[in-house]
Amino acid sequence: MKIWRKYQDYLFNGEWHIHTNFTDGTGSIAEYSEKAVELGIPLLAFTEHVRKELNYDFRQFLNEINIARRNFPSLIILSGCEAKVLPDGKLNCPSHILEKVDYKLFAFHSFPVNIEKYILSIKNVINNYDIDTWAHPGLFLKKNPNLTMPENELNNIFKIMSLNKISLEINLKYNLPQIDWIKKYKSISQDGLLIFGGDIHSIEDLYISWQIKQNLQKKWNNLNTKERDSQLFEVWFIENYPNSVKIMKTNPDYQY
Ligand SMILES: [Zn+2]
Ligand SMILES: [Zn+2]
């Protein structure tokens with residue numbers, strides 16, 4: 001069983017996608033942990049960028065996570081990584097890291113503008129790697145609006161993900177995936193998990209992502225039972241959430 005599945009109760013309340021000052025984030029592991037305890041966030045997953053030739057010491061990263069676990073015993077802290085998919089369908093990540101961390105994201109960043117290559121690469125990753133979640137799913141298509149994912153291919157991808165227990169990330173930085181993807185994934189995969197990731201790069205991001213979720217949780221709690229029963233929380237959430245972390249930064253009600 002995947003380690004993080006023990007913490008399924010926190011798929012919404014936990015923060016499942018964080019970058020630190022080891023790469024392009026500004027907060028340190030200790031700073032994020034302290035803030036999470038202060039806000040009441042129950043779980044943090046540090047999903048740091050990785051590549052085959054790392055320019056930081058991954059042992060040091062794991063070491064800081066262990067120290068934070070000792071210093072903040074009430075907080076669940078998971079180690080993790082965000083591995084980029086290469087044009088040949090392989091992950092740009094040393095295998096010892098994939099074996100070691102608690103929670104593994106795969107993602108497309110720079111990638112050739114070629115839909116066949118994209119589909120083949122997704123299939124290769126979800127079939128051949130012990131990976132947990134597809135991060136910001138569909139970002140590549142959003143950046144390349146002239147490309148279309150054929151319906152049957154998306155169905156196949158979601159079926160494989162479901163079989164291999166790979167979850168879909170609801171990414172609060174990019175407002176992804178689109179709602180029909182979420183509905184499709186839920187209809188294909190009976191226990192298809194949706195995980196909320198803020199794609200956090202700063203303490204401010206952590207704060208804003210938490211505010212967005214808290215406000216929506218409040219709205220949800222105010223619905224009557226009949227309304228709540230008639231819709232999936234995740235779909236309702238996506239349809240109702242105000243905007244991405246990036247945009248909410250400019251809203252005075254959300255200012256950190
Ligand atoms: Zn990413
Ligand atoms: Zn990321």
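Structural data are supplied above this passage.
Participant: Just to check I follow, could you spell out the environment of Gln 255 for this structure?
Facilitator: Among the structural elements, Gln 255 can be located in the segment after helix H11 (245-248). The class of Gln 255 is exposed, set by 12 C-beta atoms lying within 10 Å.

Participant: I would appreciate a short explanation of the packing of helix H1 (residues 29-39) against helix H2 (residues 58-71) in the present structure.
Facilitator: The relative placement of two packed helices comes down to the angle between their axes together with the axis-to-axis distance. At a minimum axis separation of 9 Å, H1 and H2 run at an interaxial angle of 30°. The pairing of H1 with H2 is recorded here as roughly parallel in orientation. Classified by chirality, the crossing of H2 by H1 is right-handed. Contacts from Ile 29, Ala 30 and Ser 33 of H1 reach H2 at Glu 64, Ile 65 and Ala 68. Considered class by class, the residues forming the contact of H1 with H2 number four nonpolar, one polar and one charged.

Participant: Whenever I open this one, the sheet that holds strand E6 (residues 167-171) confuses me. Can you help?
Facilitator: Across a sheet, strands are paired by hydrogen bonds formed along the backbone, either parallel or antiparallel in direction. Read across the sheet, seven strands follow the order E1-E2-E3-E4-E5-E6-E7 without closing on themselves; strand pairing throughout is parallel. On the outer flanks of this sheet lie strand E1 (15-18) and strand E7 (194-197), each paired with one strand and no other. Two strands pair when backbone bridges link them, and strand E5 (residues 133-134) and E6 are joined in this way by two bridges, in the parallel orientation. Considered in E6, the bridge of Trp 134 is made with Leu 168. The sheet contacts of H1 involve E1, strand E2 (43-49) and strand E3 (76-84), and relative to E2 the element is tilted by about 155°.

Thresholds applied
- Residues numbered from 1 in each chain as written.
- Chains lettered and ligands numbered in written order.
- Predicted model: local features only at pLDDT ≥ 70, side-chain atom pairs only at ≥ 80, totals over all residues.
- Helix = DSSP H or I, 4+ residues; strand = E, 2+ residues; numbered from the N terminus.
- Buried ≥ 20, exposed ≤ 12 C-beta atoms within 10 Å, placed from the backbone.
- Axes fitted to C-alpha atoms, helices over the stretch in contact; angles between N-to-C directions.
- Parallel < 35°, antiparallel > 145°, perpendicular 65-115°, else oblique.
- Left-handed = near helix turned anticlockwise from the far one by under 90°.
- Contact = placed C-beta atoms within 7 Å.
- Nonpolar A, V, L, I, M, F, W, Y, C, P; charged D, E, K, R; others polar.
- Pairing = 2+ DSSP bridges.

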